[in-house]
Amino acid sequence: MSSEAKARGERFLATLQSVPLRIHDNSLKFTERGEQPLTVHYYSKGKEETGEGDYFVELNDQLVENMKGSYLSPDQFVESLEGKPKFNGWKEKLLGSYLGKFGSLAFFSKTKNLTLNVFHGSTNKEALSISKLAAQDPNNENNRLQYQNRLSTIINPVVKAPSNSPLRIVEDCLASGDTIIGVIKTLAEKTKLSNLGTITIDVAVASTQGILLLKKFAEDNNIKLELNLGYVAFGLSDGEKAPVGYDGANYITYPEELVDELTTLFPDRVGELNELRKYNYVVGDMGEFAKRIPTFAKVAKWEQYRVDSHGQGGQDIDRLPKFNDKVGQHLLYLTNGGYLMRAYYNYFNNPDGEKELSEIVFSAKRRWTKEFNYGVLLKDVPKEIIN
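What you are looking at is a predicted structure, and each value in this text was computed from that prediction instead of being measured. (Residues numbered from 1 in each chain as written. Predicted model: local features only at pLDDT ≥ 70, side-chain atom pairs only at ≥ 80, totals over all residues. Heavy atoms only, no water.)

**Here we look at helix α7 (residues 178–190)**
- A rise of 1.5 Å per residue sets the reference length of α7, with its 13 residues, at 18 Å; its end C-alpha atoms lie 18 Å apart and thus fit the reference within 8%.
- The element α7 is largely enclosed, with a buried count of 11 among its 13 residues. (Helix = DSSP H or I, 4+ residues; strand = E, 2+ residues; numbered from the N terminus. Expected span 1.5 Å × (residues − 1). Buried < 20%, exposed > 50% of the residue type's maximum accessible area, 1.4 Å probe, protein only.)

**Section: the packing of α7 against helix α8 (residues 208–221)**
- Interhelical geometry of α7 versus α8 gives an angle of 25° and a closest axis separation of 9 Å. The angle between α7 and α8 places the two elements in the roughly parallel class. Contact residues: α7 offers Asp-178, Ile-180, Ile-181 and Ile-184, while α8 offers Leu-213, Leu-214 and Phe-217. (Axes fitted to C-alpha atoms, helices over the stretch in contact; angles between N-to-C directions. Parallel < 35°, antiparallel > 145°, perpendicular 65-115°, else oblique. Contact = heavy atoms within 4.5 Å.)

**Brief notes about the packing of aromatic side chains**
- Evaluation of the coordinates by the stated rule reveals 12 aromatic pairs.
- Ring centres of Phe-30 and Tyr-55 lie 5.5 Å apart, and the angle between their planes is 20°; on these two criteria the pair is classed as stacked. Of the two residues, Phe-30 is situated in strand β1 (residues 30–32) and Tyr-55 in strand β4 (residues 55–58); the sequence distance between them amounts to 25 residues.
- Look at Phe-30 and you get buried, because its relative accessible area is 19%.
- Ring plane angle 70° and centroid distance 6.4 Å describe the contact between Trp-90 and Phe-107, whose orientation is recorded as edge-to-face. Placement of the pair is Trp-90 in helix α4 (residues 90–95) and Phe-107 in strand β5 (residues 107–110), with a sequence separation of 17 residues. Take Trp-90 and Phe-107: they sit in the same class, and that class is buried.
- The positively charged end of Lys-68 is found above the aromatic ring belonging to Tyr-246, 3.8 Å away from the centroid. (Phe/Tyr/Trp six-rings, centres within 6.5 Å; stacked < 30°, edge-to-face > 60°. Lys NZ or Arg CZ within 6 Å of the ring centre and 35° of its normal.)

**What to know about the sheet that holds strand β8 (residues 198–207)**
- Judged by pairing direction, the sheet is mixed, and its 10 strands sit side by side in the order β1-β4-β16-β15-β14-β7-β8-β9-β6-β5 without closing on themselves. Whereas interior strands pair on both sides, the edge strands pair on one side only; in this sheet they are β1 and β5. Neighbouring strand axes in the sheet, compared pairwise and without regard to direction, differ in orientation by 20° on average.
- The pairing of strand β14 (residues 330–335) with strand β15 (residues 358–369) spans six bridges and is parallel. By the bridge assignment, Leu-334 is partnered in β15 with Phe-362.
- In this fold helix α6 (residues 141–160) packs onto β7 (167–174), β8 and β9 (224–233), with an angle of close to 160° to the strand it touches most, β8. (Pairing = 2+ DSSP bridges.)

**Section: helix α12 (residues 337–349)**
- Over its 13 residues, α12 extends 18 Å from the first C-alpha to the last, a length consistent with the 18 Å expected when each residue adds 1.5 Å.
- Looking at α12, one finds that the buried residues are Gly-337, Gly-338, Leu-340, Met-341, Arg-342, Ala-343, Tyr-344, Tyr-345, Asn-346, Phe-348 and Asn-349.
- Tucked inside the fold, the buried residues of α12 contact α6, β7, α11 (286–289), β14 and β15.

**Re the pairing of β8**
- The element β8 is largely enclosed, with a buried count of nine among its 10 residues.
- Alignment of β7 against β8, held across seven bridges, turns out to be parallel. Across the sheet, the residue bridging to Ile-169 is Ile-201, located in β8.
- Tracing the backbone out of β7, into α7 and back to the parallel element β8 gives a crossover that is right-handed.
- Relative to β9, β8 runs parallel, the two being bridged by nine bridges. Directly across from Ala-206, in β9, lies its bridge partner Val-232.
- In this view, the connection linking β8 to its parallel neighbour β9 by way of α8 has right-handed handedness. (Right-handed = clockwise from strand over helix to strand, strands pointing away.)

**Concerning the pattern of salt bridges**
- Applying the stated rule across the entire model yields 23 salt bridges.
- Of the charged contacts in the structure, one is a salt bridge between Asp-25 and Arg-22, with a shortest N-O distance of 2.5 Å.
- Relative accessible area serves as the criterion here: at 27%, Asp-25 is assigned to the partly exposed category.
- Arg-33 is the partner of Asp-54 in a salt bridge, and the nearest nitrogen-oxygen pair spans 3.2 Å. Taken together, the residues span a long stretch of sequence, with Asp-54 in the loop between β3 (47–53) and β4 and Arg-33 in the loop between β1 and β2 (38–44) at a distance of 21 residues.
- Judged by relative accessible area, which is 13%, Asp-54 ranks as buried.
- It is possible to trace a salt-bridge network through shared partners that takes in Glu-4, Arg-8, Arg-11, Glu-65, Lys-68 and Asp-238. (Salt bridge = Lys/Arg side-chain N within 4 Å of Asp/Glu carboxyl O.)

So, in structure tokens, the structure goes:
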């Protein structure tokens, strides 16, 4: 990260104030499939790919341009979040090694439209282990076991947090936040889930940029968002210019400026924290590390709650998620990482399967496309929830 990253962060904050993110007008342009699925062309890992979906939600070009490759310092984040500096001592807990539980948070903030519960410090031991593992091969099942084991500790208090929201979205990673915006826009436009005034979002790790984007979105639409978060990250990757958009942009990173601040703030951890300079990404590709680990099902007990075929194996048809409009809260998971999040949620909250749940699973992928520029491509939204 360079001074350009800081400049982009400042431009992102300025753009965020001026760009509307309203659901019920054309500020988030919405396109739906006709008789045939929407077909888009995008670039991934240097190759042109073709994708199909049912809906596409476009985001503002200027906002997207200033978000990628950006860095927001902890002070910038907190002042943007609350409009003023926080109480003394907040930084040590938010950035430190603290591992929390419900009722004992690393950080808390409440504004008119956003309640933010952060359970763990950004450099807790599990988070640092995840960063090291993220540099390893996700196709190795043992690597995935270690990764998922540490992630289970992070997500445990997050998914156990009580919520009465009609909609609860359980996600692995909130990098840029735009996927969630595309999902909520689509639910409002096309589904019977009309009670979207209060929404809970559970997520293992989130960038400051994604959190602030969701705050603005909640304000523009008068939605009450409750964000239960494992820990906060501060930088996003720039990616490489592709024929369409940027390949590899908006992965969560460790900016040099952040590591400098960490080593100053925690002088007794200098050696450990300087190791972060070796790692490109905070969590890597969580969708790849979320693949199944059937060999270790006796050890990784959440694997017993997997019913999907992500990685290997077939679907367990009898236990697939089912929408139930008679249940007061609907749980929403986004593939592919959402399959693991669903397993964690059931393992920690419903181990015996006694609770009647309403579950929704579909695909929502952020894409730079030839057809619609940048936005969110949604696919396989269950027919049961469509208007």
